[in-house]
Amino acid sequence: MMISNLMVLSILWISYIAFGCLALAMFSNFRSTFKKAPTPLQSRGLYWSGWSMFVLSYYLSVAKQGMVYGSIFFTGMLAVAGLLVILTLSYRAKSLPVFMATGLLASAGYLLT
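Residues numbered from 1 in each chain as written. Predicted model: local features only at pLDDT ≥ 70, side-chain atom pairs only at ≥ 80, totals over all residues. Heavy atoms only, no water.

### Observations concerning the side chain of Ser 10
Part 1: Here Ser 10 lies in helix 1 (residues 5-24).
Part 2: Ser 10 has contacts with Ser 107, Tyr 110 and Leu 111, leaving out every residue within four places of it along the chain. (Helix = DSSP H or I, 4+ residues; strand = E, 2+ residues; numbered from the N terminus. Contact = heavy atoms within 4.5 Å.)

Rendered as structure tokens:
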């Protein structure tokens, strides 16, 4: 089964959001992005949101490609998304929430249609 380019971008955005949430769950990344310390509730919420998004990304990969190719595809998307989050935090930390919101809207728009 062939996977569409929009589905690839959706899985990439969801993986990006997952890594972004996990990064923002850490004190130093949250502080460099928002200029304040996260509350324990915010930190836990971001942590579990990140893992939930990973599960969603993996589910979509496996649903579209099957268990074997979906797992390989998921691993590749994680590598790309992780690199993008690292670059975002290194050069434009304050833009991370904007990029995450954009990705959420873009992927939700595709997945709901």
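### So, helix 3 (residues 40-65)
Part 1: With 26 residues, helix 3 extends 38 Å between its outermost C-alpha atoms, agreeing within 8% with the 38 Å of an ideal straight helix rising 1.5 Å per residue.
Part 2: Inspection of helix 3 places Leu 46, Gly 50, Met 53, Phe 54, Ser 57, Leu 60, Ser 61 and Val 62 among the buried residues, and these make up the whole buried set.
Part 3: Next to the buried residues of helix 3 lie helix 1, helix 2 (27-34), helix 4 (67-91) and helix 5 (96-111).
Part 4: Directly beyond the C-terminal end of helix 3, a positive phi value near 95° is found at Gly 66. (Expected span 1.5 Å × (residues − 1). Buried < 20%, exposed > 50% of the residue type's maximum accessible area, 1.4 Å probe, protein only.)

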